[in-house]
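Structural overview for review
Here is what each chain is made of, one letter per residue.
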Amino acid sequence: MRTPTTSRSVVVTLACVGILAAITTIAQRYAFSTLALDREAIASWVHGAGLYAYRSPVSHLGTAMSPPAALVMTPAAFLPVAVAGWLVALAGVAALGLALIVAIGPIAERYGRRTWPVVLAAGALALTLEPVRATLGLGTLDLLVFGLITADIVALRRCSALRGLGIGLATALTGSAAFFIVYLLISRQRRAALTATGTFGAAALISLLIAPDETRAWFVEVLWRIDRAGPIDATTNQSLAGVLARLYDASSTPVLLWMSFAVLLTAVGMVRARAAHADGNEVAAFALVGLTAAIAGPVSGTQELIWVLPAMLVLGDVAAGCRRSQRARYTVAAVLLYLLFVLAPMWSLSGPFAANSFALALILLVNAMPWRDLTGS
């Protein structure tokens, strides 16, 4: 008879083998293409030609990394693309695992379940989602950002001294994480907002001291060039701006129309996130903020839509806790959302719905994702 320790070792071994197989398959599809571009830009910078002066001879695109992110990724310039890609992917999987432990742990305990089997099952399902596949395959830092924010908002909610540190670091790595600083302010978590702002400022100051020209160029010019990472109307851009550009069949988005709807969506998402925080559902709160940042920003690649993962957790939690008459509705919603982000219809189907399917799902979630306890409704 096998002991529980032996059984757990077998499960962990199988999980590791599955992760390695998944990364291998994903890497073959995406070829760490974003990391390869970033690596060449960093190499150009190291050799004195400038980080943002570099353009790919094939795509003619430049890097979209912030200076702090470029400093973090500098060792990649001295490694083969495959080695650097695997290191970034393994770090991303570790961050995803820790984020799932943080987010799922309290939910599993509430229903009397052991945390680690639920986390392993959720992790296996997460690896099939397009945002996770794209992050691992392209070689981006989005899972690390996701882990930093999840740890900050969920795990450190009772540790006021460190609260905001993860969000500040995430904002230094990707500007869209600044939405979470706004969330901290409107939800009256002022100390955490101050810590996040100070952390971001410290990271910016360090990058200014180490790379003054690149840091100035980032804040003055690069940050405002929304098409640097690719065309606005590209199918990979699943933001509201991308949807409008494709509907208007234009290479740029109608700015006034986009900004009007983006401000409206941001207001709705932030108000609902504040309400979720007031109800004590931090997972729903940070999921709403992340979804809002992704849909309202000018460019949101599929790898930046990782916030659908906590949204699925919220839908599953609500389905498990609500009355039987409503359970089917939320269960079906969670399953359909999962299938949408696994199948990624924009890659296999034609038509405006398929091309904009992820963005439409984000808009629906920002406006309608539940979070309250519905057991008594």
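Residues numbered from 1 in each chain as written. Predicted model: local features only at pLDDT ≥ 70, side-chain atom pairs only at ≥ 80, totals over all residues. Heavy atoms only, no water.

1. With respect to the overall build of the protein
When helices and strands are tallied, the protein shows 18 helices and 0 strands. In terms of overall size, the protein behaves like a compact globule, its C-alpha atoms giving a radius of gyration of 20 Å where 377 residues would be expected to give roughly 21 Å. By its C-alpha atoms, the protein is 60 × 55 × 50 Å across when sized along the principal axes. Per-residue burial for the protein yields a buried fraction of 49% across its 377 residues. Once local pairs closer than 6 in sequence are excluded, the contacts in the protein between residues at least 24 apart make up 69%. Approximately 17600 Å² of the protein is accessible, and the part contributed by carbon and sulfur atoms is 68%. Put simply, the protein has 26 plus and 17 minus side-chain charges, and the middle of one group is 13 Å from the middle of the other. (Helix = DSSP H or I, 4+ residues; strand = E, 2+ residues; numbered from the N terminus. Rg over C-alpha atoms; globule rule 2.2 N^0.38 Å. Buried < 20%, exposed > 50% of the residue type's maximum accessible area, 1.4 Å probe, protein only. Contact = heavy atoms within 4.5 Å. Areas by Shrake-Rupley, 256 points an atom, 1.4 Å probe, with all protein chains shown as cover. Lys, Arg positive; Asp, Glu negative; His and termini not counted. Charge placed at Lys NZ, Arg CZ, Asp CG, Glu CD.)

2. Focus on helix 18 (residues 357-368)
For helix 18, which comprises 12 residues, the first-to-last C-alpha distance of 16 Å matches the rise-based estimate of 16 Å (1.5 Å per residue) to within 8%. Listed in full, the buried residues belonging to helix 18 are Ser-357, Phe-358, Ala-359, Ala-361, Leu-362, Leu-365 and Val-366. (Expected span 1.5 Å × (residues − 1).)

3. Thoughts on a nonpolar patch on the surface
A contiguous nonpolar surface patch, about 490 Å² in accessible area, is contributed by Leu-205, Ile-206, Leu-208, Leu-209 and Ile-210. Its place among the elements puts Leu-205 in helix 10 (residues 190-210). A residue is classified by how much of its surface remains accessible, and Leu-205, at 47% relative accessible area, is partly exposed. (Patch = residues over 30% accessible without salt bridge, like charges linked within 9 Å, V, L, I, M, F, W, Y side chains within 5 Å. Salt bridge = Lys/Arg side-chain N within 4 Å of Asp/Glu carboxyl O.)

4. Quick word on the nonpolar core
One finds Ile-149, Phe-286, Leu-291, Phe-341 and Met-369 to be the most contacted residues of the largest nonpolar core, which totals 112 residues. Per element, the largest residue contribution to this core is 11 residues, and it comes from helix 14 (residues 282-296). Discounting residues that sit within four places of it in the chain, Phe-286 has contacts with Phe-146, Ile-149, Thr-150, Ile-153, Val-154, Phe-180, Trp-307 and Pro-310. (Core = buried A, V, L, I, M, F, W, Y, C linked by side-chain atoms within 4.5 Å.)

5. Quick notes on the environment of Ala-359
By the secondary structure assignment, Ala-359 is in helix 18. Judged by its relative accessible area of 0%, Ala-359 falls in the buried class. Put simply, Ala-359 and Thr-302 are 57 residues apart on the chain and 9.6 Å apart in space, counted from C-alpha to C-alpha. When neighbours within four sequence positions are excluded, Ala-359 is seen to be in contact with Gln-238, Ser-239, Val-243 and Ile-295.

6. Points about helix 2 (residues 33-46)
In this model helix 2 runs 20 Å from its N-terminal to its C-terminal C-alpha over 14 residues, within 8% of the 20 Å that 1.5 Å per residue would give. Every buried residue belonging to helix 2 is among Leu-35, Leu-37, Asp-38, Arg-39, Ala-41, Ile-42, Ala-43, Ser-44 and Trp-45, and all of these are buried. The inward-facing, buried residues of helix 2 contact helix 3 (67-73), helix 4 (81-110), helix 6 (130-138) and helix 11 (212-220). Positive phi shows up at Gly-48, right after helix 2, with a value of about 90 degrees.

7. Overview of the packing of aromatic side chains
Inspection of every chain in the model, using the stated rule, returns 7 aromatic pairs. Measuring from centroid to centroid gives 5.9 Å for Phe-286 and Trp-307, while their planes differ by 85 degrees, and the two rings are edge-to-face. Linking Phe-286 in helix 14 with Trp-307 in the loop between helix 14 and helix 15 (308-321), this pair joins segments that are 21 residues apart in sequence. Residue Phe-286 shares its accessibility class with Trp-307, and that shared class is buried. Consider the rings of Phe-341 and Phe-358, whose centres lie 4.1 Å apart with planes at 20 degrees: the pair is stacked. Taken together, the residues Phe-341 in helix 16 (residues 324-343) and Phe-358 in helix 18 connect sequence positions 17 residues apart. Summarising the burial analysis for this pair, Phe-341 and Phe-358 share the class buried. Of the aromatic side chains, those joined through ring pairs into one cluster are Phe-146, Phe-180, Phe-286 and Trp-307. (Phe/Tyr/Trp six-rings, centres within 6.5 Å; stacked < 30°, edge-to-face > 60°.)

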